[in-house]
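# Structural characterization, general
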Amino acid sequence: MTEQRLRFAIFGNTYKARDTARIGSILSVLRQHGATILMERQFARQLSKILRYRLDIDELIDGRDFEADFALSLGGDGTVLKAACRVGEKQIPMLGINMGRLGFLASVLPEEFATAVEDIYQGRYRIDSRSVIGIETEGEPLGIYPYALNDISLFKRDFAAMITVRATVDGQYLNTYQADGLVVSTPTGSTAYSLSNGGPIVPQSKVLTLTPVAPHSMSTRPIVLPDTSEIRLEVKSRSHNFMIAIDGEATKLHEGTVMTIRRAPYEAKMVVRGDITYFSTLREKLMWGADPRQ
């Protein structure tokens with residue numbers, strides 16, 4: 001029986017492009033299955049430069065004008081987030097290959113890739129739907145991609161002064177945060193920047209979290225909200241501007257810009273192998289139960 005000819009779109013971290021042996025092995029596995037291989041142009045260009053020969057790629061990807069059955073992210077979690085910007089609205093399932101370190105989202109090791117692809121062709125996987133949040137601005141255009149799989153963060157531009165963030169939820173006043181910043185996180189992002197600032201770990205559920213960064217008052221704590229909430233934020237700053245980061249991509253906005261954050265009209269799709277669970281990932285990545293003396 002002939003295998004289905006699947007289309008795999010590959011996105012990579014150009015800094016990891018020097019790991020050509022493992023990337024070459026990944027391409028070889030896909031070729032053995034007769035897959036159609038698409039690759040992000042910038043990543044392909046960097047690989048070709050290092051290898052000094054033209055890659056055996058069927059199509060190059062520019063922007064969001066492409067179609068694929070699956071997306072492969074070669075790098076760390078940051079690479080998965082960048083790939084999500086390209087494939088999320090298309091509802092293309094993503095599989096993260098961990099060429100980095102921690103890897104909450106990039107969960108498959110390169111040496112496991114052949115088995116993971118076999119699982120895909122045999123249907124031994126499931127699709128997890130992940131909440132995405134989006135932002136709209138009033139008074140100033142945002143200028144960057146407005147959707148986040150992990151988080152949307154506001155933070156100060158200078159080292160001296162805090163920013164003041166007035167937050168309302170569904171039209172009701174919540175709080176005025178005086179802090180170095182504020183993180184609005186999805187459940188996926190609860191193990192990222194929000195966690196490093198004392199935010200809660202939230203299993204995949206229909207919630208959002210607001211976590212202050214170094215708040216002026218110790219009584220200011222993280223809060224969990226339904227993901228149907230509409231969060232409206234207004235910032236005041238001594239420097240009259242502030243930074244905003246959407247899944248790590250940052251830009252400057254001016255004081256007076258009003259931001260509205262709400263659930264996106266789509267969800268990101270992640271490929272999960274059958275033996276992987278949310279809690280097993282937490283135990284492994286956070287080393288719960290591990291003896292630090294060993």
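Computed from a prediction, not measured in an experiment: that's the story for all the values here. The residue numbering used here restarts from 1 in each chain and proceeds along that chain's sequence as written. In keeping with the model being predicted, local features are shown solely for residues with a pLDDT of at least 70 and side-chain atom pairs are shown and tallied solely at 80 or more, while totals for entire chains, interfaces and linings include all residues. As a convention, hydrogens and water are excluded, and side-chain values are obtained from all of the structure's heavy atoms.

Another point: the side chain of Ser 185. Labels follow the DSSP assignment, with helices taken as runs of H or I lasting at least four residues and strands as runs of E lasting at least two, numbered in each case from the N terminus. Locating Ser 185 in the fold gives a position in strand 12 (residues 181-185). On the accessibility criterion, Ser 185 (0% relative accessible area) is buried. Nitrogen and oxygen atoms within 3.5 Å of one another constitute a polar contact, given that in protein one can donate a hydrogen and the other can accept it, and given that sequence-neighbouring residues count only through two side-chain atoms. Among the polar contacts listed, one links the side chain of Ser 185 to the backbone oxygen of Gly 189, at a separation of 3.3 Å. A distance of 3.2 Å separates the side chain of Ser 185 from the backbone nitrogen of Ser 190, its partner in a polar contact. Summary of the burial criterion: residues with accessible area below 20% of their type's maximum are buried, those above 50% are exposed, and those between are partly exposed, where the area comes from a 1.4 Å probe applied to protein chains only.

Once that is clear, we can look at the sheet that holds strand 17 (residues 249-254). The strand order across the open sheet formed by six strands is 14-13-12-9-16-17, and the pairing between neighbours is antiparallel. Here the strands that pair on one side only, and so sit at the sheet edges, are strand 14 (223-226) and strand 17. Adjacent strand axes in the sheet meet at a mean angle of 20° when their direction is disregarded. Note: two strands are recorded as paired if DSSP finds a minimum of 2 bridges between them. Examined bridge by bridge, strand 9 (residues 151-155) and strand 16 (residues 241-246) share four bridges and lie antiparallel to one another. Among the inter-strand pairings, Ile 152 is bridged to a residue of strand 16, identified as Ile 246. Angles here are taken between N-to-C directions and fall from 0 to 180 degrees, while the axes themselves are lines fitted to C-alpha atoms, restricted in helices to the stretch in contact.

Time to look at empty space enclosed by the protein. The way it works is a 1 Å grid over only the protein atoms, where trapped points that fit a 1.4 Å probe form a cavity and open points with protein on both sides within 12 Å along at least five of seven lines form a pocket, and then any residue with an atom within 4 Å of a point lines it. Grid points are joined across faces, edges and corners, and a volume is the space filled by probe spheres set on the points. The final tally for this structure, using the stated rule, is one cavity of 30 Å³ or more. In this structure, the largest cavity encloses a volume near 50 Å³. Taken together, Ala 84, Cys 85, Gly 88, Val 132, Tyr 145, Tyr 147, Ala 148, Leu 149, Asp 247, Tyr 266 and Ala 268 make up the full set of residues lining the largest cavity. Broken down by secondary-structure element, the contributors of at least two residues to the lining of the largest cavity are helix 3 (77-87) and strand 8 (147-148).

Turning to the packing of aromatic side chains, a few remarks are in order. Stacked, edge-to-face and tilted labels apply to pairs of Phe, Tyr and Trp rings (six-membered ring for Trp) whose centres lie within 6.5 Å, assigned for plane angles under 30 degrees, over 60, and everything in between, in that order. Tallied over the full model, the rule gives six aromatic pairs. Measuring from ring centre to ring centre gives 5.5 Å for Tyr 147 and Tyr 266, while their planes differ by 70°; the resulting arrangement is edge-to-face. With Tyr 147 in strand 8 and Tyr 266 in the loop between strand 18 (258-263) and strand 19 (268-273), this pair connects stretches of sequence that are 119 residues apart. Looking at Tyr 266, the relative accessible area reads 11%, which means it is buried. Through a chain of ring-to-ring contacts, three or more aromatic side chains come together here, namely Phe 8, Phe 70, Tyr 121 and Tyr 125. For a Lys NZ or an Arg CZ to count as sitting over a ring, it must be within 6 Å of the ring centre and within 35 degrees of the ring normal. For the cation-ring pair, Lys 90 lies above Phe 66, with the distance from its terminal atom to the ring centre recorded as 5.0 Å.

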